[in-house]
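These are the residues of each chain, in order.
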There are 2 protein chains.
Amino acid sequence: MNINEIVKAANKAKIKLMSLSSDKKNEALKAVAENIKKYEDKIYEANKKDLEYAKTLVEQGKITNATFGRLKLDENKMRDMIAGIYDVIKLEDPVNKLIFARQLDEDLILKKVSVPIGVLGIIFEARPDVIAQISSLAIKSGNAVILKGGSEANNTNAAIFEIINEALNNVDNFPKNAVNLVYSHEDIKKMLDMDGYIDLIIPRGSNKLVKFIQENTKIPVLGHASGICHIFIDETADFDMAQKICIDAKTQYPTACNAVETILIHKNFKYCEELKQTLIKAGIEVIENPEEYGIEYSDTILNTKIVENLNEAIEHINTFGSHHTDSIITNDENNAEIFMNNVDSAGVFKNTSTRFSDGFRYGFGAEVGISTNKTHARGPVGLDGLCIYKYKLIGTGQIVDVYAKGIKTFKHKDLK
Amino acid sequence: MNINEIVKAANKAKIKLMSLSSDKKNEALKAVAENIKKYEDKIYEANKKDLEYAKTLVEQGKITNATFGRLKLDENKMRDMIAGIYDVIKLEDPVNKLIFARQLDEDLILKKVSVPIGVLGIIFEARPDVIAQISSLAIKSGNAVILKGGSEANNTNAAIFEIINEALNNVDNFPKNAVNLVYSHEDIKKMLDMDGYIDLIIPRGSNKLVKFIQENTKIPVLGHASGICHIFIDETADFDMAQKICIDAKTQYPTACNAVETILIHKNFKYCEELKQTLIKAGIEVIENPEEYGIEYSDTILNTKIVENLNEAIEHINTFGSHHTDSIITNDENNAEIFMNNVDSAGVFKNTSTRFSDGFRYGFGAEVGISTNKTHARGPVGLDGLCIYKYKLIGTGQIVDVYAKGIKTFKHKDLK
C-alpha cells in the first residue's frame, strides 16, 4: 500500500476502533506485549543493523553520539518497553466516559460522551522504543495511528511494527490497519497534506522537525517546538532550596524540554553570588546574556538575569518563554499566587523543579508528548488528550418547532 | 492603533483578564448591558445608516434580502441582545475551576485548573447583534477578543463597540483593550498571520469565509465550514414520527447549519412514497440526486437515497457528511446504539430533529458557534470551549533527581 492507501485504510479502521470494548483493547495490548517478548531477539537483530549503519554516520559526523545512544536498544529499554504496555493496560479506558447527562425535556436526554479523536499521525525521531509506547496509547484510546520513525531506526522500527501487527492480526475482531508505519521523508509531506483523513499530528523530536510540521499542515498539531523554561528566585527564596532546585532543573537531564534555560533573580535576593558559585561548582556554565533569552541550550549552560520585581519576572517569562513550565522559588504566598496566575504557561510551579512536568510524574501513566498549545490539551498529554467527545441526543419524536413557538419549554435538568 | 498594535494590546490585556474575579466580570457585563440600553437610540441611528446603504446593495444584487434582514436591528433583536448579556451574567464562571488535585508526594500537590485561552479572533458576517453576544462570552471567560464584523454593518458595529468600551472603561480595574473591533478585509489577513498573539480564531459566516480562514492561518480555527446533516429512516421507523422530524429538520429554519440535507431511507421502510408525498406537501422539493450528496442546499430542498441497510447509511454519512449532526429514526434499540457509536459526528441523535444541536437548546446559555473539529471542542461551543487548563504544582523544595534515583517514589493519590 502507498501512503494514501495506508491513511485511507486507517481512516476506515478508526470507525471500528471507536466502539471496541475495554476488554478487547486490553486483550490486544496483552498480545502485543507477549509478542514483543517472544520475538525480542528479532528486534535486537534489526537494531544491530541500524546501529552498524549509524556508527558510520557518527564517524561521518552526520548524527551525534546522543542520537546513537537513543537508537540503541538494550535490555533495560526492552524491559521498559514491555512493562510500559502492561502499564497502559492498567490505565482506565478514556473512551465512552459519560461527561454529563442532561434532561432537555421529558424523554429528551442529552449525553456528552468521550470518544477517540480518530486517526493520529505520529512523527518521531531516533528512539525506536517509542513505537510500542505510542501504539499502545493509540490502541487504548481507540485511535488509528500512522507512525513515521527516524530513518536511522528503519530496521528496528519495521521489526517492532511487524511484531505488533502480527499480534493484533491474531486478536479476534480487532480491526485491521489500526497501527501503521511509513518510512520515507516524502511520506511525511504526503501525510501533512491529508487533512480530512488524519485528525491530529503529534511530532516528537527536534525543534526543527516540529516547526517544519507546524508550518506545513492544516491538520492540528499537538506538541511543543521548544522548551524555554524559567526559574524565578524571589527576594524571600530559601538559598538552600534555590540552589538544589536550580541544579536539578539544569543538570538532571540537560537536553530535556523541561530543563531550565534562564534563571531570573530578584535584585534583593541576598545570595545571588553564592548561588552562581554553587551552580558553577555543579558543572554549569553560568552566563548573563540578554541576547540569548529565547534560546534553548539543551546543555549545562544557564542564562541569568537580575530583575527589579515579580512583575518584571512575569513579563520576561511571558515574553521570552515558550509557555512550557516555569517555577517560582519563594516564601511569599502572595507572590507565588500572582506568579502562578499570571505566567501563561502549561505548568506553573512553586518551590519545585521544572523537571516535574512529565506525564509519568503527574501520574498519567504515559504521555504522547508535552503540549504548549493553547487549545485541546496543554502540558503532558496522556490518554485523555487523545480523546474528544460527541453529543448523543435520545428523543421520542421531539421537533424544534414546538419549542421555537413556545408551546413547550426546555427543562435543562442535569442528571449527572 | 493599527491592527498589529491592537492585537498586541489585546495580548497584554489577556494576562490581566486571566485572574479577574467572577464579581468583577459580572460587574463589567452589567455595565455593558446598561450602557447598551441607555444608548439604544444611537445604535438604531447607526443601523439606519447601514440599512440605507445596504438597500442600494440589495438593489444592485450585491447582497441578498436575507443578509439585509440579518443586518436590521429591531426592538426584538435589541431586547434579546440585552437579555443575552444578563443570561451570560447568570452562567457559572468557567475559569479557575479545579479539574483535579493530586498528591504526587508528601507536600507536592498538582492542581489542574481551568484558565482562559487568551486572545480570541472572531470574524463574523452581517449580524451586528453578534458583537454584544461574543463580547459578553469573551468577558465572562476572561479572554481578550478581536472582533471583525461584516463591512455592511460597519456603522452599527462601531456604535455597539463604542458603547461596550465606554462601559468597560468605567469599571474600576477592568483591563483596557479587552474588547477590540477592526474593520477592513486587510485586517483579517493580518490577524490570520498573527499566530503567537492570537490563540484561537472563530469564524461565523458563510462556507466561503470559513474555508478562506481555515486555509490561510496557522492559528487554530474553531467552527464549521458546512452543515451537511442526515436523517436515516430505519426499517422500523414510525411513519408519523419520521415525517414530523423530517419536516422540522428541513423547514423550521432551512438556512441553519443543522438543517437536514439528505434523508437516507431503509429499503424495507414501508411508507417511503407516503413520506415523500408528505414532504412535498410541506413545501419541500424532494429530489434523488447522487451527484449532490455533499451539498448544503440552505433551502427547502431535500436529497433522498434508498439504502440497503444500517451499515450503508453509516458509511454514507461518514463519507458525505460534514460530521455535524445526524439522526436515526428507529424503533430498534440496537440499531440506534450502533448508529450513534459509529457515525463520526459531533451530534448523533435518535428519534429527534437535527435542529436541536444548538447551544441554547443544549442548555449552554449561549454559544460562540458549532464546531466540527475533532480536537478541543466539538458541537455547540459555550463558555467551556473558550477555556483551557494549566497545571499548578505546589512543592516544598522537591527535586526530580531523588525520584529518578529511586530514593523517593511518587504517591499519586487523587485528592479530588
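Residues numbered from 1 in each chain as written. Chains lettered and ligands numbered in written order. Predicted model: local features only at pLDDT ≥ 70, side-chain atom pairs only at ≥ 80, totals over all residues. Heavy atoms only, no water.

Colleague: What should I look at first to understand the relation of the copies chain A and chain B in this one?
Modeller: Copy one and copy two of the chain differ by a rotation about an axis and a translation along that axis. Overlaying chain A on chain B yields an RMSD of 0.0 Å, the required transformation being a rotation through 180° with an accompanying axial translation of 0.0 Å. The symmetry that links the two subunits is that of a two-fold axis. Taking C-alpha positions as the reference, the residue of chain A nearest the rotation axis is His376(A), at 1.8 Å. An overlap of 100% is found between the interface residues of chain A and their copies at the interface of chain B, pointing to a shared contact surface. (Least-squares fit on C-alpha atoms with pLDDT ≥ 70 in both. Contact = heavy atoms within 4.5 Å.)

Colleague: Sorry if this is basic, but what is going on with the pattern of salt bridges here?
Modeller: When charged atoms on two side chains of opposite charge get close, those side chains can pair. Counting across every chain of the model gives 42 salt bridges over all chains. For Glu27(A), the salt bridge goes to Lys24(A), with nearest N and O atoms at 3.3 Å. In this pair, Glu27(A) and Lys24(A) both sit in helix H2 (residues 22-38), three residues apart, roughly one turn of the helix. Residue class for Lys24(A) comes out buried when judged on its relative accessible area of 16%. Connected via shared salt-bridge partners are Lys14(A), Asp199(A), Asp344(B), Lys374(B) and Arg378(B). (Salt bridge = Lys/Arg side-chain N within 4 Å of Asp/Glu carboxyl O. Helix = DSSP H or I, 4+ residues; strand = E, 2+ residues; numbered from the N terminus. Buried < 20%, exposed > 50% of the residue type's maximum accessible area, 1.4 Å probe, protein only.)

Colleague: Help me out: how do you make sense of the sheet that holds strand E4 (residues 144-148) of chain A in this one?
Modeller: Pairing between the strands of a sheet comes from backbone hydrogen bonds, and it takes one of two forms, parallel or antiparallel. Residue and element names in this part refer to chain A. Pairing within the open sheet is parallel, and its four strands lie in the order E5-E4-E3-E6. Only two strands of the sheet have a single neighbouring strand rather than two, namely strand E5 (179-182) and strand E6 (200-204). When the angles between neighbouring strand axes are averaged without regard to direction, this sheet yields 20°. Two strands pair when backbone bridges link them, and strand E3 (residues 119-124) and E6 are joined in this way by five bridges, in the parallel orientation. Along E6, the bridge assignment pairs Ile123 with Pro203. Against the sheet, helix H6 (residues 130-140) touches E3, E4, E5 and E6, its axis set at about 165° to E4. (Pairing = 2+ DSSP bridges. Axes fitted to C-alpha atoms, helices over the stretch in contact; angles between N-to-C directions.)

Colleague: I'm lost on the packing of helix H10 (residues 239-251) of chain A against helix H11 (residues 272-281) of chain A in this one. Help?
Modeller: The geometry of a pair of packed helices is captured by two quantities: the angle between their axes and the separation between those axes. Residue and element names in this part refer to chain A. One way to put it is that H10 packs onto H11 with a least axis distance of 10 Å and a crossing angle of 35°. H11 is crossed by H10, and the crossing has right-handed handedness. On H11, the residues touching Phe239, Ala242, Gln243, Cys246 and Ile247 of H10 are Glu274, Leu275, Thr278 and Leu279. Among the residues making up the contact of H10 with H11, the classes are represented as six nonpolar, two polar and one charged. (Left-handed = near helix turned anticlockwise from the far one by under 90°. Nonpolar A, V, L, I, M, F, W, Y, C, P; charged D, E, K, R; others polar.)

Colleague: Please clarify how the sheet that holds strand E7 (residues 229-233) of chain B should be interpreted in this entry.
Modeller: Strand order in this open sheet of 10 strands is E16(A)-E1(A)-E2(A)-E15(A)-E12(B)-E11(B)-E7(B)-E8(B)-E10(B)-E9(B), and the pairing throughout is mixed. Across the chains shown, the open sheet's two edge strands, defined by having one partner strand only, are strand E16 (413-414) of chain A together with strand E9 (285-287) of chain B. In this sheet, strand E10 (residues 301-307) of chain B lies alongside E9(B) in parallel orientation, the contact comprising three bridges. Directly across from Ile287(B), in E10(B), lies its bridge partner Asn303(B). Each of strand E15 (387-398) of chain A together with E7, strand E11 (325-329) and strand E12 (347-352) of chain B is contacted by helix H13 (residues 333-342) of chain B, which is oriented at about 145° to E15(A), the strand it contacts most.

Colleague: So what exactly am I meant to see when it comes to the interface of chain A and chain B here?
Modeller: Quite often, the size of an interface is put as the accessible area lost when its parts meet. Counting residues at the interface gives 72 residues for chain A and 72 residues for chain B. Where chain A abuts chain B, roughly 6,100 Å² becomes buried across the two surfaces, and 60% of that area is made up of carbon and sulfur atoms. The tally of links from chain A across to chain B stands at two salt bridges. Residue Asp344(B) is joined to Lys14(A) by a salt bridge in which the shortest nitrogen-to-oxygen separation is 3.4 Å. Where chain A meets chain B, there are 41 residue pairs in polar contact (both at pLDDT 80 or more). With 11 residues, the single largest contributor to the side of chain A that touches chain B is E15(A). When its residues are assigned to classes, the side of chain A that touches chain B shows 33 nonpolar, 21 polar and 18 charged. Across five bridges, E15(A) lies against E12(B) in parallel orientation. Bridge pairing in E12(B) places Lys392(A) opposite Val348(B). (Buried area = accessible area lost by both parts, 1.4 Å probe. Polar contact = N/O pair within 3.5 Å; in protein donor to acceptor, adjacent residues only side chain to side chain.)

Colleague: I would appreciate a short explanation of the side chain of Arg102(B) in the present structure.
Modeller: Along the chain, Arg102(B) falls in strand E1 (residues 98-105). Filtering out sequence-adjacent residues up to four positions away, Arg102(B) remains in contact with Tyr362(A), Gly363(A), Phe364(A), Leu108(B), Ile109(B), Leu110(B), His412(B), Lys413(B), Asp414(B) and Leu415(B).

Colleague: How should I be thinking about the packing of aromatic side chains in this particular structure?
Modeller: Each pair of aromatic rings is reported with the distance of its centres and the angle of its planes. Considering all chains together, one arrives at 28 aromatic pairs over all chains under this definition. Between the aromatic rings of Phe360(A) and Phe410(B), the centroid separation amounts to 6.1 Å while the plane-to-plane angle is 85°, which identifies the pairing as edge-to-face. Of this pair, Phe360(A) sits in helix H14 (residues 359-362) while Phe410(B) sits in the loop between helix H15 (401-404) and strand E16 (413-414), each in a different chain. Overall, Phe410(B) belongs to the buried group, its relative accessible area being 17%. Where Tyr389(A) meets Tyr391(A), the ring centres are 5.5 Å apart and the plane angle is 70°; that geometry is what we call edge-to-face. On the accessibility criterion, Tyr391(A) (2% relative accessible area) is buried. Every member of this aromatic cluster is reached through a ring pair, and the members are Phe100(A), Tyr389(A), Tyr391(A), Tyr362(B) and Phe364(B). (Phe/Tyr/Trp six-rings, centres within 6.5 Å; stacked < 30°, edge-to-face > 60°.)

Colleague: Help me understand unusual backbone geometry in this model?
Modeller: If a residue is not glycine, its phi is most likely negative; likewise, a peptide bond is most likely trans. Residues and elements named next belong to chain A. Located in the positive-phi region is Asn351, a residue other than glycine, with phi close to 55°. Looking at where Asn351 falls in the secondary structure, it is placed in strand E12 (residues 347-352). If you check the backbone angles, His412 has positive phi at about 45° while not being a glycine. Along the chain, the position of His412 falls in the loop between helix H15 (401-404) and E16.

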